[in-house]
Every structure is written in C-alpha cells, then in structure tokens.
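Single-letter residue listing:
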Amino acid sequence: MPDQPRTDALIRARHLGVRLGGEPILNHVDLNVYPGQIVTLIGPNGAGKSTLIKALLGIHRVTSGELWRKPGLKIGYMPQKTHIEDSLPLTVDRLMTLTHRARRTEITEALKLTNVPHLIDRPVQQLSGGEFQRVMLARALLKQPDVLVLDEPVQGVDFNGEIELYRLIQRIRDDRGCAIVMVSHDLHLVMAATDEVVCLNHHVCCTGTPESVAQAPEFTQLFGHRHADALAFYSHEHDHEHSLAELGGHSHD
C-alpha cells in the first residue's frame with residue numbers, strides 16, 4: 001500500500017512564485033511543513049531562500065501559485081540580520097518586547113528556553129554573538145509558535161557555538177513539538193538535526209531526507225562532491241555525539 005498523503009500540514013505551498021521588482025526570484029516551489037518537523041532550506045547565495053521564508057511569513061507577496069497556512073497559525077520569526085545601533089540604549093528585556101507585548105515573567109521563561117535568563121537586564125550591545133542569537137531565538141519563542149522560522153540562526157557564532165545552537169534548536173522542537181523552518185549555509189552541521197532538506201536555486205532542485213539529497217545529482221552539481229560526501233557522512237553518523245565536530249571545521253557558501 002502506498003503511503004497516504006498527510007492531512008495535518010501547517011503550511012502548504014504549491015507552484016509558488018515570487019517576483020521582486022519585476023524579476024522572478026522563485027518559480028514553481030512546492031513545500032509542506034508538518035507539526036514537529038525540522039525543514040532546512042539550503043542553496044547558493046541568491047537562490048531565494050530568504051525570499052521563500054518571507055513569502056511564508058506574508059512579508060513578500062506570492063505572485064503565482066498557492067500558499068496556504070492553517071487558520072490561526074502562530075509563527076515565531078528570527079530574521080537573518082538584526083543591527084542594533086551602538087548609541088541606542090536597549091536592554092534584552094526591552095528588545096524582547098519591541099514588537100510583542102509580554103510580561104517580565106513570560107520574557108524570563110522564554111530566555112530560560114535558550115539558557116540565557118541571566119541576560120534579561122544586560123545591554124544588547126554587550127552580548128556576544130552567541131548570546132545575541134540565543135536572545136533572538138527566545139524572542140521568536142515568546143508567542144509560543146506552532147512554526148518557528150529561523151533565517152540563518154547561527155550567523156556570527158563561532159564553531160562550538162554553532163553546534164550548541166543547532167542542538168538547542170533540535171531540543172526546542174523535541175520539547176515543544178513545534179515545526180521549524182530553517183535557512184542554513186552550514187551544510188555539514190545542520191543535517192544531523194533536520195528531517196527534510198529542500199535545496200533551492202530559484203526553484204526546488206531536490207528535496208527529501210539528508211541521505212537522499214546527499215545522493216541527488218542536482219545537489220552535487222550545486223555544491224560539489226566534497227559537500228555531498230560530508231553531508232552523507234553526517235547523515236550516517238547523526239546518532240553519535242561526536243559526529244557534529246569530527247571534521248573540525250565547516251564552510252559557508
């Protein structure tokens with residue numbers, strides 16, 4: 001018997017297209033996001049990964065195809081880049097409530113989820129790269145989202161911090177049962193913690209489990225055999241605690 005199609009999707013895109021400034025950025029993109037699933041978007045620079053994220057959020061208008069979100073769906077969003085002026089007096093507590101009203105107890109609970117409740121009164125400018133990303137992740141969790149959307153969540157974090165953040169993201173999924181849609185350039189590290197990989201280059205080049213994407217000729221064509229071999233290695237070794245760090249480094253596209 002063939003597998004029955006799932007009917008519990010939180011987000012569905014069918015033949016989705018987006019044009020920005022008259023230029024086609026995405027064409028014929030199909031995507032499903034289910035509860036408890038981690039979906040990782042990969043692809044070369046300029047492939048449309050952040051554009052797809054913003055289309056799912058409703059920031060960019062879908063110009064062709066269909067986009068469906070479950071009614072009442074709550075989405076938490078961690079943007080790719082957040083620049084805070086050095087001269088702006090801003091504590092973590094205030095940053096957490098710039099766009100979403102919350103009590104201090106709620107803020108503390110969200111910061112506990114990312115292991116940084118002690119930073120609540122710290123000026124944002126004094127945070128390390130890893131601390132700032134954990135605060136921004138906690139901020140995305142404030143709404144208790146059904147879907148957590150993360151655009152390059154380990155940006156500006158050192159190698160060991162990246163490993164810790166990816167493990168934290170996986171733990172949040174496990175504990176809260178939310179879906180996670182994540183853009184990443186860290187092909188080696190993220191694959192051990194993802195359920196489905198969607199490889200974009202203005203359209204969906206290939207999609208599936210890390211193992212299947214590692215073997216796809218479209219993936220090798222985009223990233224080369226070295227990335228495919230490393231991706232396959234991490235997929236095979238993902239049950240081992242040491243597997244995330246065995247290569248001792250990573251690469252960005």
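Placed above this text is the structure.
All figures in this text were calculated on a predicted structure; none of them were measured in a lab. (Residues numbered from 1 in each chain as written. Predicted model: local features only at pLDDT ≥ 70, side-chain atom pairs only at ≥ 80, totals over all residues. Heavy atoms only, no water.)

Quick look at the overall build of the protein chain
Here is step 1: For the protein chain, the helix and strand inventory stands at eight helices and nine strands.
Here is step 2: Buried positions account for 47% of the 253 residues belonging to the protein chain.
Here is step 3: Taking contacts inside the protein chain between residues at least 6 apart in sequence as the whole, the part at least 24 apart equals 66%.
Here is step 4: Carbon and sulfur atoms make up 48% of the accessible area of the protein chain, which totals about 12,500 Å². (Helix = DSSP H or I, 4+ residues; strand = E, 2+ residues; numbered from the N terminus. Buried < 20%, exposed > 50% of the residue type's maximum accessible area, 1.4 Å probe, protein only. Contact = heavy atoms within 4.5 Å. Areas by Shrake-Rupley, 256 points an atom, 1.4 Å probe, with all protein chains shown as cover.)

Considering unusual backbone geometry
Here is step 1: With phi around 50°, Q144 is a residue other than glycine that occupies positive phi space.
Here is step 2: The topology assignment puts Q144 in the loop between α4 (129–141) and β6 (147–151).
Here is step 3: Accessibility expressed as a relative area gives 52% for Q144, which makes it exposed.
Here is step 4: A positive phi angle, close to 55°, is found at E152, a residue other than glycine.
Here is step 5: Tracing the backbone through its elements, the reader meets E152 in the loop between β6 and α5 (159–176).
Here is step 6: By relative accessible area, E152 is classed as buried at 13%.

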